[in-house]
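Okay, here's what each chain looks like letter by letter:
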Amino acid sequence: GDSVTQMEGPVTLSEEAFLTINCTYTATGYPSLFWYVQYPGEGLQLLLKATKADDKGSNKGFEATYRKETTSFHLEKGSVQVSDSAVYFCALSVRLGQNFVFGPGTRLSVLP
Amino acid sequence: NAGVTQTPKFQVLKTGQSMTLQCAQDMNHNSMYWYRQDPGMGLRLIYYSASEGTTDKGEVPNGYNVSRLNKREFSLRLESAAPSQTSVYFCASNKRGTYNEQFFGPGTRLTVL
């Protein structure tokens, strides 16, 4: 079946450090890929998305590129801030948005 | 435009009690979903409704029932709560027929004693 694997963390970085959170997937179809962010006590918010191979999603300094050959969608940010501390979820959808599959989430803590 | 709203935000139940979690969206979305979030498990789909009048089981439907009351509202019912249902519950919605993202509510934190 469809699945998403991501590093579970927790990941602890100092402010202004470079961030990478790895995400790989398996899917029977041609999925769309998403990164969601969850701040403490809140629901999930869409951070970025990509719907076809080689697409790059970007938002708030975060980027991820849809790599079909490696079935990956790694999240990167060049310089993290304390306010980026949250849980990040990689997700895919293969049936026209009908049913998402989420990874386990990666908790990021950024220290001042 | 409130997006997706959920009530209540917190709830404590005793084993065997019943309750209904309410969800509403004002974005005119066709599809709605109920997830539970447990530590280390990510989000798991309980039930979803692709359109008004239809509901389908997700990954973990046992112990739950749902009602798609109209296009806006999708409720989740626990008939006889068990401690294993202690979790955070999220409702979500999206447009049907495209690869559109899901929009999430703020969640309901449920504890079953």
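Residues numbered from 1 in each chain as written. Chains lettered and ligands numbered in written order. Predicted model: local features only at pLDDT ≥ 70, side-chain atom pairs only at ≥ 80, totals over all residues. Heavy atoms only, no water.

Engineer: Would you mind going over the sheet that holds strand E8 (residues 74-78) of chain B in detail, with residue names and values included?
Structural biologist: Residues and elements named next belong to chain B. Strand order in the open sheet formed by four strands is E1-E3-E8-E7, and the pairing between neighbours is antiparallel. The outermost strands of the open sheet, each flanked by one partner alone, are strand E1 (4-7) and strand E7 (64-68). Neighbour to neighbour, the strand axes of the sheet diverge by 20° on average, direction disregarded. Pairing of E7 with E8 involves five bridges; the strand directions are antiparallel. Directly across from asparagine 65, in E8, lies its bridge partner arginine 77. (Pairing = 2+ DSSP bridges. Helix = DSSP H or I, 4+ residues; strand = E, 2+ residues; numbered from the N terminus. Axes fitted to C-alpha atoms, helices over the stretch in contact; angles between N-to-C directions.)

Engineer: Residues and numbers for the environment of methionine 27 of chain B, please.
Structural biologist: Residues and elements named next belong to chain B. With respect to the helices and strands, the residue methionine 27 is situated in the loop between strand E3 (19-25) and strand E4 (31-38). The spacing of methionine 27 and serine 51 is 24 residues in sequence and 14 Å in space, taken between C-alpha atoms. Setting aside its immediate chain neighbours within four residues, methionine 27 contacts Asn1, Gly3, Val4, Ser93 and Phe103. (Contact = heavy atoms within 4.5 Å.)

Engineer: Help me get a handle on the state of the cysteines, residues and values and all.
Structural biologist: By definition, a disulfide is the covalent link that joins the sulfur atoms of two cysteine residues. This structure, assessed with the given rule, holds two disulfides over all chains. Between the sulfur of cysteine 23 of chain A and that of cysteine 90 of chain A lies a disulfide, 1.9 Å long from S to S. Here the S-S torsion is close to -70°, and the disulfide linking cysteine 23 of chain A with cysteine 90 of chain A is therefore left-handed. Of the two residues, cysteine 23 of chain A is situated in strand E4 (residues 23-26) and cysteine 90 of chain A in strand E10 (residues 86-93); the sequence distance between them amounts to 67 residues. Shown here is the disulfide that connects cysteine 23 of chain B with cysteine 91 of chain B, its sulfur atoms set 1.9 Å apart. Linking cysteine 23 of chain B and cysteine 91 of chain B, the disulfide has an S-S dihedral of approximately -75° and is accordingly described as left-handed. Of this pair, cysteine 23 of chain B sits in strand E3 while cysteine 91 of chain B sits in strand E9 (residues 87-94); the two residues are 68 residues apart in sequence, bridging distant segments of the chain. Summarising the burial analysis for this pair, cysteine 23 of chain B and cysteine 91 of chain B share the class buried. (Disulfide = S-S within 2.5 Å. Buried < 20%, exposed > 50% of the residue type's maximum accessible area, 1.4 Å probe, protein only.)

Engineer: Account for the side chain of arginine 68 of chain B, naming residues and giving values.
Structural biologist: All names here are of chain B. Take arginine 68: it is sitting in strand E7. One buried charged residue, arginine 68, remains without a salt bridge, the closest side chain of opposite sign being glutamate 52 at 6.3 Å. Within the structure, arginine 68 has its side chain in polar contact with the side chain of serine 49 (distance 2.7 Å). Those residues in contact with arginine 68 that sit more than four places away from it in its chain are Gln25, His29, Asn30, Ser31, Met32, Ser49, Ser51, Glu52, Gly53, Thr55, Glu73 and Phe74. (Lys, Arg positive; Asp, Glu negative; His and termini not counted. Salt bridge = Lys/Arg side-chain N within 4 Å of Asp/Glu carboxyl O. Polar contact = N/O pair within 3.5 Å; in protein donor to acceptor, adjacent residues only side chain to side chain.)

Engineer: So what's going on with the sheet that holds strand E9 (residues 75-77) of chain A? Which residues, and what values?
Structural biologist: Residue and element names in this part refer to chain A. Here four strands make up an open sheet; going across it, the order is E3-E9-E8-E7 and the pairing antiparallel. Edge positions in the sheet fall to strand E3 (19-21) and strand E7 (56-59), since each has one partner strand and no second. Within the sheet, the average angular offset between the axes of one strand and its neighbour, ignoring direction, is 15°.

Engineer: Could you give an account of the packing of aromatic side chains, naming the residues involved and the relevant values?
Structural biologist: By the definition in use, this model includes 16 aromatic pairs over all chains. Following the ring pairs from residue to residue traces out a cluster consisting of Phe34, Tyr36, Phe100 and Phe102 of chain A together with Tyr33, Tyr35, Tyr48, Phe90 and Phe104 of chain B. In this structure, lysine 68 of chain A packs its charged tip against the face of tyrosine 30 of chain A, placed 5.4 Å from the ring centre. (Phe/Tyr/Trp six-rings, centres within 6.5 Å; stacked < 30°, edge-to-face > 60°. Lys NZ or Arg CZ within 6 Å of the ring centre and 35° of its normal.)

Engineer: Provide a residue-level description of the interface of chain B and chain A, including the pertinent values.
Structural biologist: At the junction of the two partners, chain B supplies 22 residues and chain A supplies 23 residues. Put simply, chain B and chain A have one salt bridge between them. Note that glutamate 101 of chain B is salt-bridged to lysine 49 of chain A, the shortest N-O span being 3.0 Å. At the junction of chain B with chain A, the criterion picks out three residue pairs in polar contact (both at pLDDT 80 or more). Among the elements of the structure, E4, strand E5 (42-49) and E9 of chain B are those that each provide at least two residues to the side of chain B that touches chain A. Here the side of chain B that touches chain A is composed, by residue class, of ten nonpolar, ten polar and two charged. (Nonpolar A, V, L, I, M, F, W, Y, C, P; charged D, E, K, R; others polar.)

Engineer: Help me get a handle on the pairing of E3 of chain B, residues and values and all.
Structural biologist: Residue and element names in this part refer to chain B. Judged by how many residues are buried, E3 sits mostly within the fold: five of seven residues are covered. Bridge analysis of E1 against E3 gives four bridges, and the strand direction is antiparallel. Each residue of the ladder has a partner; that of glutamine 6, found in E3, is cysteine 23.

Engineer: Outline unusual backbone geometry, supporting the account with residue identities and numerical values.
Structural biologist: The omega torsion of the bond from threonine 7 of chain B to proline 8 of chain B falls at -10°, within 30 degrees of zero and hence cis. Summarising the element assignment, proline 8 of chain B is placed in the loop between E1 and strand E2 (10-13). Not every positive phi belongs to a glycine, and aspartate 54 of chain A is a case in point at roughly 75°. Checked against the element boundaries, aspartate 54 of chain A lands in the loop between strand E6 (44-50) and E7. Take aspartate 54 of chain A: its relative accessible area is 53%, and that puts it in the exposed class. Not every positive phi belongs to a glycine, and lysine 60 of chain A is a case in point at roughly 55°.

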